[in-house]
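Inside the fold
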Amino acid sequence: DDPQDKVMIQLKQQHLGLPLGRSVMGETEDLKNLRVEDVRAHLAERFTPRNTVLAFAGAVDFEELRDRVAELIDDWTGQCDMPTASPSGQGGYRNIEAQTAQQHIGAAYNALPEPDAESMTQRLAIAVLSGGTSSRLFTEVRENRGLCYSVYATYVAQKTFGVIYAYAGTTTDRAAETLQVMTDEINKLNSGVSEDEFRRAVVGLKSRLVMQGESTGARASAIATDVTLRDEPRTLDDIARQIDAVSFDGLNRFLSESLMPELTTLTIGPEAIQSTV
């Protein structure tokens, strides 16, 4: 029922295809036809110890915790292979017609996988593009041109691929210009960033790192993600060192060598956007 959520759900399917772009909420027809036997069979087949990561954070006694967990899962058996899939979405542009007051715009393009040596450089680039109220998207799309209220981009990385997603919500008569300006700002990254932008991006990433370190839940999630994607966890100091290892010249070199992205674009609104993008 929320067009802002729906545009990103449909965008992922448009860009990645199935199964990678499948929504975790499922499809209406599948849910209608789902039986308890199906759930039990899936549980027995897929929820197995192999490839499972348990992560904990907080003031715990490791040996006591390890022994207790071993007791609890002693009778947990079975194994299954990791699912294999490769991105195979349709790409291009699609509009989902809806009688909404706003035109919701989603865009996606491929990026580096998480284990890549330059994934942190990728994160700094996106922090320049969309890292707060001084970022390029916020400044140009919202503040300078007044095209929309909400605009952002985010980097989502998995073990074998990464994607950058961007969103803006605007009015129908400003939709084409909004998409064009968003695309222009994405493409301008290839021309490099200023030293001020670089410093703000570094400070922004480190600030979020400190905030994450204050939550045991966030740390446990980060540890599990690191083990899944990188095969080993990183401490907060490890991540800070990775941020510091990216130089101003290194970021600009990375951006100058990056190819112009091929955008997948999806909109939800009364009519398709007439644009040359």
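For the structure given in this document, a descriptive report is provided here. (Residues numbered from 1 in each chain as written. Predicted model: local features only at pLDDT ≥ 70, side-chain atom pairs only at ≥ 80, totals over all residues. Heavy atoms only, no water.)

What follows concerns a nonpolar patch on the surface. On the surface, a nonpolar cluster with roughly 470 Å² of combined accessible area is contributed by L54, F56, L72, I73 and W76. Along the chain, the position of W76 falls in the loop between α4 (62-72) and β1 (93-97). Note on W76: relative accessible area 31%, which makes it partly exposed. (Patch = residues over 30% accessible without salt bridge, like charges linked within 9 Å, V, L, I, M, F, W, Y side chains within 5 Å. Areas by Shrake-Rupley, 256 points an atom, 1.4 Å probe, with all protein chains shown as cover. Salt bridge = Lys/Arg side-chain N within 4 Å of Asp/Glu carboxyl O. Helix = DSSP H or I, 4+ residues; strand = E, 2+ residues; numbered from the N terminus. Buried < 20%, exposed > 50% of the residue type's maximum accessible area, 1.4 Å probe, protein only.)

Membership of the largest hydrophobic core comes to 43 residues, with the highest contact counts inside it found for L124, L129, V141, M182 and L251. In this view, M182 contacts I105, L137, V141, V151, A166, Y167 and A168; residues no more than four positions away in its chain are not counted. Core analysis: the second largest hydrophobic core is formed by 12 residues, V7, L16, V163 and L266 among them. (Core = buried A, V, L, I, M, F, W, Y, C linked by side-chain atoms within 4.5 Å. Contact = heavy atoms within 4.5 Å.)

When the terminal C-alpha atoms of helix α8 (residues 195-213) are compared, their 27 Å separation across 19 residues agrees well with the 27 Å that a helix rising 1.5 Å per residue should span. Along α8, the residues classified as buried are E197, F198, A201, V202, G204, L205 and L209. All buried residues of α8 project into a common sector of 160° when viewed along the axis, lining one side. Among the exposed residues of α8, those oriented more than 90 degrees off its buried face are V203, V210 and M211. Buried residues along α8 sit against α5 (119-130), α6 (136-144), α10 (236-244) and α11 (248-257). (Expected span 1.5 Å × (residues − 1). Arc of directions from axis to C-beta.)

For the structure shown, the criterion picks out 2 aromatic pairs. The interplanar angle of 35° and the centroid separation of 5.7 Å between the aromatic rings of Y152 and Y167 together place this pair among those described as tilted. One end of the pair, Y152, is in strand β3 (residues 150-157); the other, Y167, is in strand β4 (residues 162-170), with 15 residues separating them in the sequence. Given the relative accessible area of 30%, Y152 is considered partly exposed. Since its relative accessible area comes to 1%, Y167 is described here as buried. When the ring centre of Y165 is taken as reference, the NZ or CZ atom of K12 above it lies at 5.5 Å. (Phe/Tyr/Trp six-rings, centres within 6.5 Å; stacked < 30°, edge-to-face > 60°. Lys NZ or Arg CZ within 6 Å of the ring centre and 35° of its normal.)

Of the two faces of β3, only one is covered, namely that formed by V151, A153, Y155 and A157; the face formed by S150, Y152, T154 and V156 stays uncovered. For β3 and β4, the ladder comprises 8 bridges, and the chain directions are antiparallel. Across the sheet, residue A153 finds its bridge partner in β4, namely A166. Where β3 folds back on β4, the antiparallel hairpin that results is connected by 4 residues. (Pairing = 2+ DSSP bridges.)

A few words on helix α1 (residues 3-16). Across its 14 residues, α1 extends 20 Å between first and last C-alpha, which sits within 8% of the 20 Å expected from 1.5 Å per residue. Among all positions of α1, only V7, M8, L11, Q14, H15 and L16 are buried. Across the axial projection of α1, the buried residues extend over an arc of 165°, all falling on one side. On its buried side, α1 packs onto β1, β2 (103-111), β3, β4 and β5 (264-269). Just past α1, the residue G17 takes up positive phi, approximately 75°.

Scanning the model with the defined rule gives 20 salt bridges in all. R199 is the partner of E195 in a salt bridge, and the nearest nitrogen-oxygen pair spans 3.6 Å. Residue E195 and its partner R199 are located together in helix α8, separated by 4 residues, close to a single helical turn. The exposure class assigned to R199 is partly exposed, which follows from its relative accessible area of 45%. Here R253 makes a salt bridge to E257, at a shortest N to O gap of 3.2 Å. With R253 and E257 both in helix α11, this residue pair falls 4 residues apart, about one helical turn. One network of salt bridges, with partners in common, ties together E114, R123, D226, R230 and R234.

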